[in-house]
Amino acid sequence: MSPTRRRAAVGHLEEQFNVSERRACKVTGQQRSTQRYNPRISSDEDALLEEIERLVGENPRGGCRYITMLLQRDGWRVNHKRIHRLWKREQYRVPKKVNKKKAIGIGANACDKRKATAPNDVWTWDFIHDRSNDGRALKFLVIIDEHTRECLALQPARSFKSTDVLDALSAIVGERGAPKHIRSDNGSEFIAQAVKRWMTDTRIEALYIEPGSPWQNGYAEAFNSRLRDEFLEMNYFNNLNEARILARQWKEHYNTHRPQAALGKMTPQEFARSFGSSGSASLRSATPADPKLEATQTSSETI
C-alpha cells in the first residue's frame, strides 16, 4: 500500500471506529510521523503547470517524457518523476491514434463516365438517415438499378454492419441475378473486407467514387432527394417495424405507380419489362394493408 493510501486508512480508522492514532498506525503499518507530514508545494508549481498546459496544447501527441524533455530544454530544473506526478494529477492523455483509411475511389467511376447500359449492369447503394418519434436513429439502406431506376431495396434499421448489407444484397441477387457493377462511396459498410470478398466471389466489379464527391453517385443522390421529400418528410415513425412497413409501401408505389420523364414517362417496373425483365421480387408482393394496423398486428416490437 502506498504511503498516501496508508495515511488515508489511518484517518478512516480514527474517524469511523474512534481508534487512537497510535493504534491506527500500528494496524496499518504506518509511521506516526507521516500523519503529521504536510507536503511542500514548490513556489514555482503554478508557473510549471501553466507551462505544461502550453506545451501539451502545442504538442498533443507528446507524452509525459517528451514534455519533460521540452521543459528541461527551456531551462526548468525538473525530472520526469515530478512531471509524471503532475501529469497524472491533471489527467493529461495522449489522444488515441486513428489510422486514416486510404481512399480507394477514382473519378473514372462517376455515373457520367461509367454509365449503365442495361438492366443489372450497374447498381448503386447508399444510406439515408432519419429518426423515429422517440429520437432514436433510423438508417435506410437504398439499392437502385441505375438503368431501370428500380428501387431494389429500401431497408430501415437502427444500424448496419457489413454483414447486414451483404444479407440484403444477397437476397436481391438470389431473386434477379447479380449485377456487373455496384457503384458506391467509400462508406465503411461498403469498403469492408467482407463486402470486397463477397463481390470478388460473385464477380461483381466495385465502382468506388472519389471521397467527398457525392455528385459522382448521381443516381443515388437523386433518389435520396425524392425519398427525403416524398417519404421521410411526410411520415412519422413510431417504431422500427412501422418504418419497415411504410418503406415497403412507398417502394412499391415508386416502382409501380410513379412515372419518370427520363424513362419515357414509364414507371421503373414498366421500363424494366420493356427489356424482357421479370422485375425484382420487390415488385411481386401484394400491396399491404393499412400500415398502422399492420404494424400492430404483425409485431409487438416497441422501440
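Read on for an overview of the structure. Once a new chain begins, its residue numbering starts again from 1 and follows that chain's sequence as written. Given that the model is predicted, a residue must reach a pLDDT of at least 70 before its local features are reported, and side-chain atom pairs must reach 80 or more before they are shown or counted; all residues, however, enter totals for whole chains, interfaces and linings. Values shown for side chains rest on all heavy atoms present in the structure; no hydrogens or waters enter the calculation.

Here is the rule: rings of Phe, Tyr and Trp (six-membered ring for Trp) pair when centre to centre is within 6.5 Å. Planes less than 30 degrees apart are stacked, more than 60 are edge-to-face, and the remainder are tilted. In this structure the tally under the stated criterion is 12 aromatic pairs. Centre to centre, the rings of Phe-140 and Phe-237 are 6.1 Å apart; their planes meet at 50 degrees, and the pair counts as tilted. Separated by 97 residues along the polypeptide, Phe-140 in strand β2 (residues 137–145) and Phe-237 in the loop between α8 (218–230) and α9 (240–257) bring together distant segments of the chain. The same class applies to Phe-140 and to Phe-237, which are both buried. Centre to centre, the rings of Phe-271 and Phe-275 are 5.1 Å apart; their planes meet at 75 degrees, and the pair counts as edge-to-face. Numbering of helices and strands runs from the N terminus, with a helix taken as a DSSP run of H or I at least four residues long and a strand as a DSSP run of E at least two residues long. Burial classes follow relative accessibility: with a 1.4 Å probe on protein chains only, a residue under 20% of its type's maximum area counts as buried, one over 50% as exposed, and anything between as partly exposed.

Right, let's get into unusual backbone geometry. With a phi close to 65 degrees, Asn-120 is a non-glycine residue in the positive phi region. Relative to the elements of secondary structure, Asn-120 occurs in the loop between α5 (80–89) and β1 (122–131). Assessed through its relative accessible area of 15%, Asn-120 is described here as buried. Despite not being glycine, Lys-265 has its phi angle at roughly 65 degrees, a positive value. Position of Lys-265 among the secondary structure elements: in the loop between α9 and α10 (268–273).

Turning next to the environment of Ile-67. Residue placement: Ile-67 occurs in helix α4 (residues 64–73). For Ile-67, a relative accessible area of 0% corresponds to the buried category. C-alpha of Ile-67 to C-alpha of Glu-53: the two residues are 14 residues apart in sequence and 9.8 Å apart in space. Beyond its immediate stretch of four places on either side in the chain, Ile-67 contacts Ile-52, Leu-55, Val-56, Gly-62 and Trp-87. Contacts are assigned to residue pairs with any non-hydrogen atoms lying within 4.5 Å of each other.

For this document, the term salt bridge refers to a Lys or Arg side-chain nitrogen within 4 Å of an Asp or Glu carboxyl oxygen. With the rule as written, the count across this model stands at 13 salt bridges. Residue Glu-45 is joined to Arg-85 by a salt bridge in which the shortest nitrogen-to-oxygen separation is 3.7 Å. Of the two residues, Glu-45 is situated in helix α3 (residues 45–58) and Arg-85 in helix α5; the sequence distance between them amounts to 40 residues. Among the ionic pairs, Glu-58 bridges to Arg-54, the shortest N-O distance being 2.9 Å. Of this pair, Glu-58 and Arg-54 both sit in helix α3, separated by 4 residues, roughly a single helical turn. Assessed through its relative accessible area of 37%, Arg-54 is described here as partly exposed. Sharing partners across several salt bridges, the network here consists of Asp-44, Glu-45, Arg-82, Arg-85, Arg-89 and Glu-90.

To qualify as a nonpolar core, a set must consist of buried Ala, Val, Leu, Ile, Met, Phe, Trp, Tyr and Cys residues joined through side-chain atoms within 4.5 Å. In terms of nonpolar packing, the biggest core is built from 24 residues, with Trp-123, Trp-125, Ile-143, Leu-169, Ile-182, Trp-198 and Met-199 touching the most fellow members. Contributing elements (two or more residues each) for this core: β1, β2, β3 (151–157), α6 (162–176) and α7 (193–201). Counting residues per element, this core draws most heavily on α6, which supplies 6 residues. Those residues in contact with Trp-198 that lie beyond four places of it in its chain are Leu-166, Leu-169, Ser-170, Val-173 and Ile-204.

Glancing now at α7. Among the residues of α7, those classed as buried are Val-195, Trp-198 and Met-199. One side of α7 carries all its buried residues, which in axial view fall inside an arc of 95 degrees. In α7, the exposed positions angled more than 90 degrees off the buried face are occupied by Gln-193, Arg-197, Thr-200 and Asp-201. At its buried positions, α7 is contacted by β1, α6, β4 (181–184) and β5 (205–208). Phi turns positive one or two residues past the end of α7, at Arg-203, with a value near 60 degrees. The arc in question is the one spanned by the directions pointing from the helix axis to the C-beta atoms.

Let's shift gears to the pairing of β3. In summary, the side chains of a regular strand alternate between the two faces of the sheet. Among the 7 residues of β3, 6 are classified as buried, and the element is accordingly described as predominantly covered. Here, a strand pair is defined by DSSP locating no fewer than two bridges between the strands. Bridge analysis of β2 against β3 gives 6 bridges, and the strand direction is antiparallel. Bridge pairing in β3 links Leu-141 to Gln-155.

This part covers the sheet that holds β5. Across the sheet, 5 strands lie side by side as β3-β2-β1-β4-β5; this open sheet has mixed pairing. Either end of the sheet is taken by a strand with one partner, and the two such strands are β3 and β5. Between one strand axis and the next, the sheet turns by 20 degrees as a mean value, whatever way the strands run. With respect to the sheet, α6 is in contact with β1, β2, β3 and β4, its orientation differing from that of β1 by roughly 135 degrees. Fitting a line to C-alpha atoms yields each axis, with helices limited to the stretch in contact; the angle taken between N-to-C directions then spans 0 to 180 degrees.

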